[in-house]
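Inside the fold
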Amino acid sequence: MNFDLTPEQEQLRDAVRALGRRYGHSYFVAKAKSGEHTTELWHEAGRLGYLGVNIPTEYGGGGGGITELALVCEELAAAGCPLLLLVVSPAIAATVISRHGTEEQRKRFLPGLADGSQKIVFAITEPEAGSNFHRLGTVARRDGDDWLLSGRKCYISGVDEAGHVLVVARTEDAASGKLKPALFVVPTDAPGLTWSKLDMEILSPENQFLLYLDDVRVPADALVGQSLDAGLPALFSGLNPERITVAAMGAGTGRYAIERASEYTASRKVWGGRSIGSHQGVSHPLAHAAVQVELARLMIYKAASLYDAGRDLEAGVAGNMAKYATGEAAALAVDTAVQVLGGAGMTTEYGVATLLGAVRAGRIAPVSREMILNFVAQHVLGQDKSY
């Protein structure tokens, strides 16, 4: 059992950390408050190869796995720049297309995903279905050689930044009559595809949208894998990387908050010339949060290593546990940082309260803590399904 990174992974971690710190949290906050996107950081990360670390080398990527992408997500977040679209485009879309797309689809989309010149966002969540993808209302039906897509999606990240959206719809199996999921790569400028921005109480340069599909026509080659049999495995292949990279982003955010708070409490002196961090009422909560973040990190990289080894079922359990643990740890870390900074913790200048909304959302999305507990109870503890 080895907990050390390889030399290549260490180099990647250090390089991404340096890039993130050159931009920093003030850049992230300024972009979010002005309604702009982190375009400069995204393009530089793409040019340096960090966005495509998990994409095969023959398509312009680094040839690594989700472990390497998790490192990228974590280190940018630890520098105060948690980029949600790293989860959506390289982790979900690139993984789905790489593992289940046709060769034509791989050649068409993966090089742009690797260098950051294009983004593909992901649309599965619906207003009525919630976490139950078996109840998806978005329907794909044949019309000659084409497909027509109709339905609604919600909480779709970054549609305004992307050239394509990976839409999860349901089709009818002609042989069995059963509905089965299918994934389609849809241009965001396709006729019949519209969206409206959701106003969120989260400070982020990446926006959330309601998505409307009104008989959106796409050609046959928009179907991932060009086979309905590819739909379910393609869908699940993207969910584990999603959980792992979301968790990595949360761990990085927790590290960032603890670092900022620790610097402040080690230098702030109020009573008798001693730093406030010398008092256990301040240092113990920070230490406790640091322990929780580190424990979550161990589960993240266990999940990533299992996924990269092709052990998908085990990675599913570990990925869900990592997502749960990190959601709790990141929220604790940011809240603790705010508390020990006192009034300064609520200012923009000190850069921790700006993360409260994001880490709170991390306990809900992309899967809620309650659904993860249901999963663990059923699949790990052998309990009857409760929902």
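It should be emphasised that the depicted structure is a prediction, and the values quoted were computed from it without experimental measurement.

Rules used in this analysis
Residue numbers restart at each chain and count upward from 1, following the sequence in its written direction. Given that this is a predicted model, residues contribute local features only at a pLDDT of at least 70 and side-chain atom pairs are listed and counted only at 80 or more, while totals for whole chains, interfaces and linings are drawn from all residues. Calculated side-chain values reflect all of the structure's heavy atoms, with hydrogen atoms and water omitted. Going along the chain from the N terminus, every DSSP run of H or I of four or more residues is numbered as a helix, and every run of E of two or more is numbered as a strand. Buried residues are those whose accessible area, probed at 1.4 Å on protein chains only, stays under 20% of the maximum for their type, while exposed residues exceed 50% and partly exposed ones sit between those limits. Residue types Ala, Val, Leu, Ile, Met, Phe, Trp, Tyr and Cys, when buried and joined through side-chain atoms within 4.5 Å, form a set referred to as a nonpolar core. For this analysis, residues touch if any pair of their heavy atoms sits within 4.5 Å. What counts as an axis is a line fitted to C-alpha atoms, over the stretch in contact for a helix, and the angles between N-to-C directions run from 0 to 180 degrees. These descriptions rest on fixed angle ranges, namely under 35 degrees for roughly parallel, over 145 for roughly antiparallel, 65 to 115 for roughly perpendicular, and the rest for oblique. By convention the crossing between two helices is left-handed if the near helix lies anticlockwise of the far one by an angle smaller than a right angle, and right-handed if it lies clockwise. Under the scheme applied, nonpolar residues are Ala, Val, Leu, Ile, Met, Phe, Trp, Tyr, Cys and Pro; charged residues are Asp, Glu, Lys and Arg; polar residues are all the others, including Gly. A pair of aromatic rings is counted whenever rings of Phe, Tyr or Trp (Trp by its six-membered ring) have centres within 6.5 Å, and the orientation is called stacked for planes under 30 degrees apart, edge-to-face for over 60 and tilted otherwise. Each domain span listed reflects an automatic or database assignment of domains. For any pair of parts, buried area is found by adding up, for both, the accessible area (1.4 Å probe) each one loses once the two are put together. Each reported salt bridge corresponds to a side-chain nitrogen of Lys or Arg within 4 Å of a carboxyl oxygen of Asp or Glu. Pairs of N or O atoms are called polar contacts if they sit within 3.5 Å, as long as, within protein, a hydrogen donor faces a hydrogen acceptor (for residues adjacent in sequence, only side-chain-to-side-chain pairs).

Omega for the peptide link from A365 to P366 comes to 0°, which places this bond in the cis form. Non-glycine residue Y155 carries a positive phi angle of around 55°. Topologically, Y155 is positioned in strand β3 (residues 146-157). Although it is not a glycine, D215 adopts a positive phi angle of roughly 50°. By relative accessible area, which is 35% here, D215 ends up partly exposed.

This part takes up the nonpolar core. The biggest cluster of nonpolar side chains holds 86 residues, and the ones touching the most others in it are F184 and V186. No other element matches helix α4 (residues 85-100), which puts 9 residues into this core. The residues contacting V186, other than those within four sequence positions of it, are L149, G163, H164, V165, V167, L193, V216 and V218. Formed by 19 residues, the second largest nonpolar core is a distinct cluster that contains Y264, A330, A337 and V352.

What follows deals with the packing of α4 against helix α5 (residues 103-115). Interhelical geometry of α4 versus α5 gives an angle of 155° and a closest axis separation of 9 Å. Overall, the two elements α4 and α5 adopt an arrangement that is roughly antiparallel. Here the hand of the crossing between α4 and α5 comes out left-handed. Together, S89, A93, A94, I97, S98 and R99 of α4 and Q105, R106, F109, L110 and L113 of α5 make up the contact between the two elements. For the contact of α4 with α5, the residue count by class is 6 nonpolar, 3 polar and 2 charged.

Taken as a whole and judged by the stated rule, the model has 4 aromatic pairs. Aromatic side chains W195 and F209 sit 6.5 Å apart centroid to centroid with 80° between the ring planes, which places their arrangement in the edge-to-face category. Of this pair, W195 sits in strand β6 (residues 193-198) while F209 is found in strand β7 (residues 208-218), placing the two residues 14 residues apart along the sequence. Residue classification places W195 among the partly exposed positions, given a relative accessible area of 32%. Residue F209 is classed as buried on the basis of its relative accessible area, which comes to 5%.

For the rest of this paragraph, the subject is the domain arrangement of the chain. Split by domain assignment, the chain resolves into domain 1 (7-119), domain 2 (122-226) and domain 3 (232-381). Averaged C-alpha coordinates put domain 1 and domain 3 at centres separated by 20 Å. At the junction of the two partners, domain 1 supplies 29 residues and domain 3 supplies 28 residues. Across the domain 1 to domain 3 interface the summed buried area is about 2300 Å²; carbon plus sulfur atoms make up 63%. Of all residues in domain 1, the largest losses of buried area upon contact with domain 3 belong to H25, I66 and E74, amounting jointly to 25% of the total for that side. At the junction of domain 1 with domain 3, the criterion picks out 5 salt bridges. Here E74 ties to R255 by a salt bridge, and the two come within 2.8 Å at their closest N and O atoms. If you look at where domain 1 meets domain 3, you find 13 residue pairs in polar contact (both at pLDDT 80 or more).

Each pair of packed helices gets described by two things: the angle between the helix axes and the distance between those axes. One way to put it is that helix α1 (residues 7-34) packs onto helix α3 (residues 66-78) with a least axis distance of 8 Å and a crossing angle of 30°. Taken together, the axis directions place α1 and α3 in an arrangement best described as roughly parallel. Between α1 and α3 lies a crossing of right-handed hand. Packed against α1, whose contacting residues are Q9, L12, R13, V16, R17 and G20, the element α3 presents T67, E68, L71, V72, E75 and L76 at the interface.

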